[in-house]
Protein chains: 2
Amino acid sequence: MKYGVTTDYVLGMQVVLADGTAVRLGGPRLKDVAGLSLTKLFVGSEGTLGVITEVTLRLLPAQHASSIVVASFASVESAVDAVLGVTARLRPSMLEFMDSVAINAVEDTMRMDLDRGAAAMLVAGSDERGGAGAEDAAVMAAVFADNGATEVFSTDDPDEGGRLSPPADSAFRRWRPRDRYCWKTSGALAGVGLIGHRDRADRRPTRADDLGDRPRRRWQHPPLLVYDPADIAMAERAQLAYGEIMDLAVGLGGTITGEHGVGRLKRPWLAGYLGPDAMDLNRRIKQALDPLGILNPGSGI
Amino acid sequence: MKYGVTTDYVLGMQVVLADGTAVRLGGPRLKDVAGLSLTKLFVGSEGTLGVITEVTLRLLPAQHASSIVVASFASVESAVDAVLGVTARLRPSMLEFMDSVAINAVEDTMRMDLDRGAAAMLVAGSDERGGAGAEDAAVMAAVFADNGATEVFSTDDPDEGGRLSPPADSAFRRWRPRDRYCWKTSGALAGVGLIGHRDRADRRPTRADDLGDRPRRRWQHPPLLVYDPADIAMAERAQLAYGEIMDLAVGLGGTITGEHGVGRLKRPWLAGYLGPDAMDLNRRIKQALDPLGILNPGSGI
């Protein structure tokens, strides 16, 4: 949210094309607008346009330790309002959302003394320097309180902040059964749609709860589906639920993938999401660079 | 330097293709990696791939008033070392370089009491919040002093800072004769090469002085050539000098254009800069999207 996406940091690369030519694009120049933005075209192309063998990245100075604010809410709606309130005022370096399922999974694993009765929790951070980080934290704490947070806790202590910041990831690790697959939808799926469209804030991501009864279904943000691939019927229901989550995200103004790309898993939804004209444009580029379709077939575009 | 380039802020657009189709790409989602990065491909394509009729931009909170540091140097080399020293430690929001010609042009126009005898001047700023801006300014002032600055002046006063920050642009306005054309090479031309390649810092941009005698030649950063287009011989010499500046910039690891694109003016140098393979790649994309070549012919790629 604060620092943008990978593409913003890729200045150059060497890429091997379908015909075997190794091409250098961009380079170690912070600004270079000669020719088409081919470097950025290849980033995120998932190996469908060429094989990237070298990248040159733009670096930022190391982040400063974050001031962290944690808040519990009695409803998902209040937490969502708080997110909108924060992002209207500043760019936090972290703004993690957990629903009650995630909170309890974290608490089961890590015993952090979280409020198991809370409907939602936000973990926010600011890595601004000097007094500005604490100033941001105070603003965020005030916004959380204004939106009915039942508990607000702030810290400038890096160790304490570090313990508080990765609980959502821990929840995933906890939930992934050792010998079973799980499908994780993109973290940005509903959230980005919601935050991108402030005018749609009335359409809550909790609509995911309307999707009906699914095996081992547990909705959280990001939504997670765990199923046993050996159970064909269960796998089919999981696939159905997965598609419904994607449709819901797109319907809310979100995307099918905010960070991790399309790959094979999300490919069935790509054309519907992009629409026929944008999909055709993708295919024309693909056709121009890989006419025989030998690069990562079956994946991405 | 601090905030990246335009592409980093374009989230979506509507673009009309060569065949008349209006396509929507991206949209108001801060993160969206579904399909190829076509939005970024169209940014900077200079109308050669389609006509952009709408853009959606990512916004940052308003910048804070900058702390400004101005320093004079007895040699261009010292100023360049100071630039490298600053950028190794932090990301200033402004770092303007002026050589003695520019300094004197500004002083002629604006009577700012600049040091007319200085070989180079740097105007640096930090828009970090709270105490961090003043902290950055102190670091930069110390780096300038360490690199032999003959004079260093700092201010946190926004009005004073505002007066100091745009002198290079003023110099351009002053120098452009009302009824004559001038060619301005990109500000990033030599500078980006230099800053991008710290290992080449020994190859100074002052090599531009080696380019020989040209009519009304005045080297500054960015280099500026003023000539009378009615004087054919003078125009030819200006064209020659312009090409030599471009070659020098590329030889130093810079680019032919850091900000303003290729257009018609710099087109003769594009293929040489990109090399045959990257140029071919540009042409394949162009061919795929505009097979009849009707979009902005003669410009860009």
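Residues numbered from 1 in each chain as written. Chains lettered and ligands numbered in written order. Predicted model: local features only at pLDDT ≥ 70, side-chain atom pairs only at ≥ 80, totals over all residues. Heavy atoms only, no water.

### Describing the overall build of chain A
Then, in step 1: Within chain A, the regular secondary structure consists of 10 helices and 10 strands.
Then, in step 2: Sequence separation of 24 or more characterises 72% of the internal contacts of chain A that already satisfy a separation of 6 or more.
Then, in step 3: Within the structure as shown, chain A displays about 13200 Å² of accessible surface, and the carbon and sulfur contribution to it stands at 50%. (Helix = DSSP H or I, 4+ residues; strand = E, 2+ residues; numbered from the N terminus. Contact = heavy atoms within 4.5 Å. Areas by Shrake-Rupley, 256 points an atom, 1.4 Å probe, with all protein chains shown as cover.)

### Section: the side chain of B:Ser37
Then, in step 1: Within the fold, B:Ser37 resides in the loop between strand 2 (22-26) and helix 1 (38-42).
Then, in step 2: Taking relative accessible area as the criterion, B:Ser37 reaches 17% and is therefore assigned buried.
Then, in step 3: In this structure, B:Ser37 is in contact with A:Lys40, A:Leu41 and A:Val43, ignoring residues within four places of it in sequence. (Buried < 20%, exposed > 50% of the residue type's maximum accessible area, 1.4 Å probe, protein only.)

### Remarks on the relation of the copies chain B and chain A
Then, in step 1: Mapping chain B onto chain A calls for a rotation angle of 180° and an axial translation of 0.0 Å; the resulting RMSD is 0.0 Å. Expressed as an axis order, the relation between the two copies is that of a two-fold axis.
Then, in step 2: Most of the interface of chain B is mirrored in chain A, where 100% of its interface residues again form contacts. (Least-squares fit on C-alpha atoms with pLDDT ≥ 70 in both.)

### A look at the confidence of the model for chain A
Residue and element names in this part refer to chain A.
Then, in step 1: When pLDDT is averaged along chain A, the result is 79, and 79% of the positions lie at 70 or above.
Then, in step 2: The weakest mean pLDDT in chain A belongs to helix 7 (residues 188-196) at 32; the strongest belongs to strand 3 (residues 51-57) at 97.
Then, in step 3: Below a pLDDT of 50 lies the segment residues 184-220, which in the model reaches 92 contacts outside its immediate sequence neighbourhood of four places, other chains included.
Then, in step 4: For this predicted complex, the interface score ipTM comes out at 0.81, alongside a pTM of 0.82. (pLDDT = per-residue confidence, 0-100.)

### Side note on the sheet that holds strand 1 (residues 10-16) of chain A
Sheet strands line up and pair through hydrogen bonds in the backbone, either parallel or antiparallel.
Residue and element names in this part refer to chain A.
Then, in step 1: Strand order in the open sheet made by the three strands is 2-1-3, with antiparallel pairing throughout. Pairing within the sheet leaves two strands with one partner each, and these edge strands are strand 2 (22-26) and strand 3. Each neighbouring strand pair of the sheet contributes to a mean axis angle of 15°, computed without reference to strand direction.
Then, in step 2: Where strand 1 and strand 3 come together, six bridges link them in antiparallel fashion. (Pairing = 2+ DSSP bridges. Axes fitted to C-alpha atoms, helices over the stretch in contact; angles between N-to-C directions.)

### A few points about a nonpolar patch on the surface
Then, in step 1: Taken together, the side chains of A:Ile52, A:Val55, A:Leu57 and A:Leu59 present a nonpolar region at the surface, about 370 Å² in accessible area.
Then, in step 2: Within the fold, A:Ile52 resides in strand 3. (Patch = residues over 30% accessible without salt bridge, like charges linked within 9 Å, V, L, I, M, F, W, Y side chains within 5 Å. Salt bridge = Lys/Arg side-chain N within 4 Å of Asp/Glu carboxyl O.)

### Some remarks on the interface of chain B and chain A
Then, in step 1: Taken together, the contact pairs 67 residues of chain B with 67 residues of chain A.
Then, in step 2: Interface of chain B and chain A: buried area, both sides summed, is about 5700 Å²; carbon and sulfur atoms make up 60% of it.
Then, in step 3: Considering only the side of chain B, the residues that lose the most area to chain A are B:Lys31, B:Leu36 and B:Arg129, jointly responsible for 14% of the buried surface there.
Then, in step 4: Here chain B is connected to chain A by eight salt bridges.
Then, in step 5: Notably, a salt bridge pairs B:Glu135 with A:Arg129, separated by 2.9 Å at the nearest N-O pair.
Then, in step 6: Here chain B is connected to chain A by 24 residue pairs in polar contact (both at pLDDT 80 or more). (Buried area = accessible area lost by both parts, 1.4 Å probe. Polar contact = N/O pair within 3.5 Å; in protein donor to acceptor, adjacent residues only side chain to side chain.)

### Topic: the pattern of salt bridges
All names here are of chain A.
Then, in step 1: Applying the stated criterion across every chain yields a total of 20 salt bridges over all chains.
Then, in step 2: Of the charged contacts in the structure, one is a salt bridge between Asp-32 and Arg-29, with a shortest N-O distance of 3.1 Å.
Then, in step 3: Residue classification places Arg-29 among the buried residues on the basis of a relative accessible area of 11%.
Then, in step 4: When salt bridges that share partners are traced, they join Lys-2, Asp-127 and Glu-128 into one network.

### Topic: the packing of helix 2 (residues 76-89) of chain B against helix 4 (residues 131-146) of chain B
Residue and element names in this part refer to chain B.
Then, in step 1: Helix 4 packs onto helix 2 with a crossing angle of 150° between their chain directions and a minimal axis gap of 9 Å. Seen along the crossing, helix 2 lies across helix 4 with a hand that is right-handed. Within the contact between the two elements, helix 2 uses Ala-82, Gly-85, Val-86 and Arg-89 and helix 4 uses Val-139, Met-140, Val-143 and Phe-144.
Then, in step 2: A breakdown of the residues in the contact of helix 2 with helix 4 according to their chemical character gives six nonpolar, one polar and one charged. (Left-handed = near helix turned anticlockwise from the far one by under 90°. Nonpolar A, V, L, I, M, F, W, Y, C, P; charged D, E, K, R; others polar.)

### Describing the packing of helix 9 (residues 267-274) of chain B against helix 10 (residues 276-289) of chain B
All names here are of chain B.
Then, in step 1: At their nearest, the axes of helix 9 and helix 10 sit 6 Å apart, and the two run at 120° to each other. When the interaxial angle is binned, helix 9 and helix 10 end up oblique. Of the residues in helix 10, those touching helix 9 at Leu-270, Ala-271 and Leu-274 are Pro-276, Ala-278, Met-279 and Asn-282. (Parallel < 35°, antiparallel > 145°, perpendicular 65-115°, else oblique.)

### A closer look at the sheet that holds strand 7 (residues 151-155) of chain A
Residues and elements named next belong to chain A.
Then, in step 1: Spatial ordering of the open sheet is given by 5-6-4-7, a layout of four strands whose pairing is antiparallel. The open sheet is flanked by strand 5 (94-99) and strand 7, the only strands paired with a single partner. Across the sheet, the axes of successive neighbouring strands diverge by a mean angle of 10°, strand direction being ignored.

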